[in-house]
Amino acid sequence: MTELDEAKWLPAEVDRATPSVARIYDYLLGGAHNLAADRAVADRLSAIQPQVAQVARRNRAFLRRAVRFMLDAGVRQFLDLGSGIPTVGNVHEVAQNVDPSARVVYVDYEPVAVTHSRLLLADNPHADVVQADVTQPDAVLGSEAVGSLLDLTQPVGLLAVALGHYLPPEADVPAVFATYRHALAPGSHLALTHLTNDFAVLADPRVAETMRSTQDHIYPRTRAEVLALFDGFTLVEPGLTTSANWRPDRLGTVVDPHDDGLYAGVGILT
């Protein structure tokens, strides 16, 4: 991609030399909104663990299945935290394919993710993006986009897919999730995936070391720590599992958790 091409979607204030998790993820998924610094980190991660791109694709597939599950349950509005750079199978695409009036608010702090989301959603009256830090839920929930598009007295699909492991312990992550939960109506759903060292595929310490070269470090959590993020929600079957093993499209398909790397689950607020 040339610098001229990048000028169409890259905000002027972006530091091209500092890799971004959102753009690394975009590259692993086959997207085009990434820079040389991002691709270099992704290639180093792939050299350490060749399955890293597969982990990213499985995570994205979980997102789509979770949104469809919520739609089947009657949910028609979604708040996507740490949404990243739009790519194939965005939440609004999945939701509005079922119900064109479904409403979606994306939240991210990464400038490229927000800029490209605004371009993508310019003609979509039922979807918007908020540039904000998800660890400040009052700012997110009080934003104009949330106020105009989401009715918090009705069920909301709260998405925190591949988000939690970028939130540092000092952010008091369980309290952050609890603040969002307290703002939601009964019948709301929470879907999340979270990196863990409980499984072998991403437990190599070189993965975390490589990510320290980006603007986002990673903080893997144990099964008990991830379960705590569902406090107040009732997990649906199959409970907390891994991204590939949560209600796979092909019945009977089982992926070894050690080849997956991400805890995954969906809970309902009762």
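The present account deals with the structure reproduced in this document.

Rules used in this analysis
Residues numbered from 1 in each chain as written. Predicted model: local features only at pLDDT ≥ 70, side-chain atom pairs only at ≥ 80, totals over all residues. Heavy atoms only, no water. Helix = DSSP H or I, 4+ residues; strand = E, 2+ residues; numbered from the N terminus. Rg over C-alpha atoms; globule rule 2.2 N^0.38 Å. Contact = heavy atoms within 4.5 Å. Areas by Shrake-Rupley, 256 points an atom, 1.4 Å probe, with all protein chains shown as cover. Lys, Arg positive; Asp, Glu negative; His and termini not counted. Charge placed at Lys NZ, Arg CZ, Asp CG, Glu CD. Phe/Tyr/Trp six-rings, centres within 6.5 Å; stacked < 30°, edge-to-face > 60°. Buried < 20%, exposed > 50% of the residue type's maximum accessible area, 1.4 Å probe, protein only. Pairing = 2+ DSSP bridges. Right-handed = clockwise from strand over helix to strand, strands pointing away.

Description of the overall build of the chain
1) Next: When you go through the chain residue by residue, the secondary structure sums to 11 helices and 8 strands.
2) Next: Here the C-alpha radius of gyration of the chain, 17 Å, is about what a compact globule of 270 residues would show, namely 18 Å.
3) Next: If you line up the chain on its principal axes, its C-alpha atoms span 45 × 40 × 40 Å.
4) Next: For the chain, contacts bridging at least 24 residues in sequence account for 74% of all contacts bridging at least 6.
5) Next: With an accessible surface of roughly 11700 Å², the chain has 52% of that area assigned to carbon and sulfur atoms.
6) Next: Charge separation in the chain, taken as the distance between the mean sites of 21 positive and 33 negative side-chain charges, equals 5 Å.

Let's talk about the packing of aromatic side chains
1) Next: The final tally for this structure, using the stated rule, is 3 aromatic pairs.
2) Next: Consider the rings of Phe-62 and Trp-246, whose centres lie 5.5 Å apart with planes at 80°: the pair is edge-to-face. Remark: Trp-246 occurs in the loop between β7 (241-242) and β8 (262-269) and Phe-62 occurs in helix α4 (residues 52-72); sequence separation between them is 184 residues.
3) Next: With relative accessibility at 0%, the residue Phe-62 sits in the buried group.
4) Next: Judged by its relative accessible area of 1%, Trp-246 is buried.

Examining unusual backbone geometry
1) Next: Cis geometry is found at the peptide bond from Glu-237 to Pro-238, where omega equals 10°.
2) Next: Within the secondary structure layout, Pro-238 lies in the loop between β6 (233-235) and β7.
3) Next: One non-glycine residue with positive phi stands out, namely Arg-247, at about 45°.
4) Next: On the secondary structure map, Arg-247 appears in the loop between β7 and β8.
5) Next: In this structure Arg-247 comes out as partly exposed when scored by relative accessible area, which is 37%.

A short note on the pairing of strand β4 (residues 157-161)
Along any regular strand, the residues point their side chains to alternate faces of the sheet.
1) Next: Among the 5 residues in β4, 5 count as buried, and that is most of the element.
2) Next: Side-chain alternation along β4 places Gly-157, Leu-159 and Val-161 on one buried face and Leu-158 and Ala-160 on a second face that is also buried.
3) Next: Note: β4 against strand β5 (residues 189-195), 5 bridges, orientation parallel. When the sheet's bridge partners are listed, Leu-159 is paired in β5 with Ala-191.
4) Next: Traced from β4 through helix α9 (residues 173-182) to β5, the parallel crossover comes out right-handed.

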